[in-house]
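# Working through the structure, step by step
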Amino acid sequence: MHTARFTLDPAFTVGEVNPRLFGSFVEHLGRCVYTGIFEPGHPTADDKGLRQDVLDLVRELGVTAVRYPGGNFVSGYKWEDSVGPAESRPRRLDLAWHSTETNRFGLSEYIDFLRKIGPQAEPMMAINLGTRGVAEALELQEYANHTEGTALSDLRVSHGDKDPFGIRLWCLGNEMDGPWQTGHKTAEEYGRVAAETARAMRQLDPGVELVACGSSSQSMPTFAEWEATVLKETYDLVDYISLHAYYWPENGDLDSFLASAVDMESFIDNVVATADHVGARLKSKKKINLSFDEWNVWYLPEWEARAKTFEQDDWPEAPACWRTTTASPTPSSSARSSSPCSGTPTASRSPASPSSSTSSRRS
Amino acid sequence: MHTARFTLDPAFTVGEVNPRLFGSFVEHLGRCVYTGIFEPGHPTADDKGLRQDVLDLVRELGVTAVRYPGGNFVSGYKWEDSVGPAESRPRRLDLAWHSTETNRFGLSEYIDFLRKIGPQAEPMMAINLGTRGVAEALELQEYANHTEGTALSDLRVSHGDKDPFGIRLWCLGNEMDGPWQTGHKTAEEYGRVAAETARAMRQLDPGVELVACGSSSQSMPTFAEWEATVLKETYDLVDYISLHAYYWPENGDLDSFLASAVDMESFIDNVVATADHVGARLKSKKKINLSFDEWNVWYLPEWEARAKTFEQDDWPEAPACWRTTTASPTPSSSARSSSPCSGTPTASRSPASPSSSTSSRRS
Amino acid sequence: MHTARFTLDPAFTVGEVNPRLFGSFVEHLGRCVYTGIFEPGHPTADDKGLRQDVLDLVRELGVTAVRYPGGNFVSGYKWEDSVGPAESRPRRLDLAWHSTETNRFGLSEYIDFLRKIGPQAEPMMAINLGTRGVAEALELQEYANHTEGTALSDLRVSHGDKDPFGIRLWCLGNEMDGPWQTGHKTAEEYGRVAAETARAMRQLDPGVELVACGSSSQSMPTFAEWEATVLKETYDLVDYISLHAYYWPENGDLDSFLASAVDMESFIDNVVATADHVGARLKSKKKINLSFDEWNVWYLPEWEARAKTFEQDDWPEAPACWRTTTASPTPSSSARSSSPCSGTPTASRSPASPSSSTSSRRS
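Residues numbered from 1 in each chain as written. Chains lettered and ligands numbered in written order. Predicted model: local features only at pLDDT ≥ 70, side-chain atom pairs only at ≥ 80, totals over all residues. Heavy atoms only, no water.

## Remarks on the interface of chain B and chain C
Contact residues are listed per partner, giving 23 residues for chain B and 18 residues for chain C. Carbon and sulfur atoms make up 52% of the area that chain B and chain C hide from each other, which totals about 1,500 Å². Broken down residue by residue, the surface that chain B buries against chain C is led by Arg91, Leu93 and Leu95 of chain B, which jointly contribute 31%. Taken together, the connections running from chain B to chain C amount to 2 salt bridges. Scanning the region where chain B abuts chain C turns up 9 residue pairs in polar contact (both at pLDDT 80 or more). Looking at the side of chain B that touches chain C residue by residue, the classes come out as 8 nonpolar, 8 polar and 7 charged. (Contact = heavy atoms within 4.5 Å. Buried area = accessible area lost by both parts, 1.4 Å probe. Salt bridge = Lys/Arg side-chain N within 4 Å of Asp/Glu carboxyl O. Polar contact = N/O pair within 3.5 Å; in protein donor to acceptor, adjacent residues only side chain to side chain. Nonpolar A, V, L, I, M, F, W, Y, C, P; charged D, E, K, R; others polar.)

Quick look at the structure:
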């Protein structure tokens, strides 16, 4: 048997940790929202239906940026369904997770949830670039962030949200490289729509931070070429490129599973290389940061059972569909971790591990 | 004079005839709908305005699949205009046929018509991919087919249609290769939008059968290249590629006209070859079936007179514009036959004739 | 010192002057509309709020075609916001000029303004191809021009405009080559959407005259290649290609500024050459005309001060932002001149000067 040892000493400081490393993700998926963070009638629920027991745990975790509302869910998301009096919100089919979305929890409730976590929690809102485009992105941005005095901002005020939501961090769609994505796009198509959406959103607010979709995993057949094409179209217009990764024991191979960090590190290295290559071609001094905004370990059998029901004409509300058996940074059974963060293109680039530091700030 | 003879004997069975071979087509064009199948006030009209005399003839013909609502009409079609209380439906300009569409006959009336034909009649619904896209296709599909419990399905119920329409067969647009089509597309553009619409519609219902638009006729300059490009994008996502053909005596040449089946046969052969070529390149075991969903013989003078009025600012309701002087499988003066069917890529591929078997099931 | 002399003599007739040479431009920009031509409460305002003093000056100028509503403004323009009872019109953020648009002046008021100028004034309406497409263009065209008897034309009548607006001249978007344009497009993307919008608008009315967007200035990096690509897609479908040019003294160099006509002339020559090149490749006998529909001289310091505020979260109504210190064909401080006109591809092509004849009719 081989023996390995390593030493951790607080004297060896690599760098400051970006607070966004402790970001998380709330998707309208399974029981993440409904009976997860939001459950009117639960003994600990406050007047808005937020579970205090969950909020306490979230606060304890020190969660920072919380990505919302998806994930694949966002490619069918119509923001206007999710605002206004809850009783008049429409019930919709959610194609991503084959369920019925009641919209009882929506944009306002999400912001309320963040405010109750505490001041370090910040919104990270994904927009629908699957079945929508520039016009609707601008409408959401104006509804959410403009103070008052226009039809859309006054609508938000009339919905009881006098204060604008101040959403600064936006995801330009979700996993647009995935054929499972409603409105899936080629890299060229996505690069163009992301570029024009970014331009328009910056016209409304030059201070936004924008995340372009990278690959859904390093194993995607389009990996690296996707990033190169998307960044060629968006380099000057976005701040981040996203990475997503999920790990599970394959064929009971625990050793490989425990070594998942090796894949994650190579993923980060390869995206950094691709982004810097594009920057070099464009003769740009700008560096693109990494937003590792979905990763986790998975326990698949329950999901596989649930996915089989997608063939059936059965659209339950908030079905149990996912169980993560390892520690997860968010309290819901279906939560996945999210961290818009950055990789170091220099020699000090530190090894990444899925449980803590995916990367450090790029300089 | 040459003499030819051929023998028909029921003992020589080539194969089973697909019932869809006896499909038909109802388009909002001229008098096909209004004063054709639908004419409130007509002596034989039932309480919904359907003409019983016409229904009797349609039943006698044994019509199966009925394609609707177009044709070119569909590229301006807004499904939501055609549902709900008839008196509140909007009047629209129909650019395809330069007329005014009252929407008195719509989606619900079409399904009622099918149900009254009999159990063998099935809907074949075309969606608007000229001026609309994925989002609206999904809305129509949910309104039509989802049982209940969502805003769109409950809207259908509130319109008096408790039972879902069960539309299984869908055309992904109509004649998108034709420059006359509102929202005409290149093969690449159409292939992409058809692919993503197909993916999304299958998310809502994996059981749908989907028809991609092939060429509007074999004489289109883009013929065959169109099919190859469209199928390259959609091969795994669609079930059928469409063929359209119309024949008329040119310069009074009756012999050529009577030999139109030669063109039709070569058309079928060439589309089969193209589809199989794409399958070969993709190393796919799947075969694409043929949907010969528009063909007929035409008598053109009346149409040409009508088409001249398109230059004028005159938008009549249900104008007389077409007269088919030969037998037609649907009773309306402007009807054209429709049969989603299949060709045989093997030696048993049978000769096609425009009056009966355009092709047989592909194995 | 060099001395130059030239002789003007009415005996030397080059050709007839196209009345559209005296066209102008009203954009929702700064104070062009609000407190420019429209100012309810002004001592000279009529019952619709139009300033009679301004109208008198406009009539004196003999203004013909008046382009509207932009300019960059049009890429966020929703025509339906600008019609109906003024008090119910929504307030919108205008991203182009970082201001709040009240929509108190809209489509009906624009037509009223034209009618009050006199019979020689004709509308030249730009449609939004930045954040909208074919469907909305058709809706605007039907609302504006269809007599009555459809939902959209009856809506116009219900808004008090029984007579259709008779808009014959349409701009297919505005400056779509400019990265500042909301919904900016590549030449290929724009050429395609312009082609299909043109086709569809001609289905509604074969008599429309259509202007495709050329370059925002001769100094654009895409100049000439843009025109070639756009015209390749639209040659048979449009009548005009646009040119835009603004001049100002650079580094106080008055001599160069006064020689701006040299740039304008080369701009015209180069666009004519490009258009004729495309025509030659297409073996077309048709000639594309020029629409020099934005040009002027600028005094920039005030604009530069205003543009700096775009970084701030400040969205004033009708802010002062532009001052043209030289003669301008429209009375507002922010007006720019507009003339859809034509160049001569023959030896009789006359030199252009920014103050009068940019070009003459192409034969």
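## Notes on the relation of the copies chain B and chain C
Mapping chain B onto chain C calls for a rotation angle of 120° and an axial translation of 0.0 Å; the resulting RMSD is 0.1 Å. What we have between these two chains is a three-fold relation. Rotation axis and chain B: the residue whose C-alpha lies nearest the axis is Glu189 of chain B, separated from it by 6.3 Å. (Least-squares fit on C-alpha atoms with pLDDT ≥ 70 in both.)

## Thoughts on the pairing of strand β7 (residues 209-212) of chain A
Residue and element names in this part refer to chain A. Judged by which residues are buried, β7 turns out to be covered on both faces: Glu209 and Val211 on one side and Leu210 and Ala212 on the other are all buried. The pairing of strand β6 (residues 169-172) with β7 spans 4 bridges and is parallel. Within the sheet, the bridge partner assigned to Leu169 lies in β7 and is Glu209. For the crossover that starts at β6, traverses helix α5 (residues 187-204) and ends in the parallel β7, the hand is right-handed. Here β7 runs beside strand β8 (residues 240-247); their pairing, made up of 2 bridges, is parallel. Looking at the pairing, Val211 lines up with Tyr240 of β8. (Buried < 20%, exposed > 50% of the residue type's maximum accessible area, 1.4 Å probe, protein only. Helix = DSSP H or I, 4+ residues; strand = E, 2+ residues; numbered from the N terminus. Pairing = 2+ DSSP bridges. Right-handed = clockwise from strand over helix to strand, strands pointing away.)

## Some points on the side chain of Gln181 of chain A
By the element assignment, Gln181 of chain A lies in the loop between β6 and α5. By relative accessible area, Gln181 of chain A is classed as buried at 1%. In terms of polar contacts, Gln181 of chain A uses its side chain to reach the side chain of Asn72 of chain A, at 2.8 Å. Excluding its chain neighbours within four sequence positions, the residues that come into contact with Gln181 of chain A are Gly71, Asn72, Ser75, Asn174, Glu175 and Met176 of chain A together with Glu196 of chain B.

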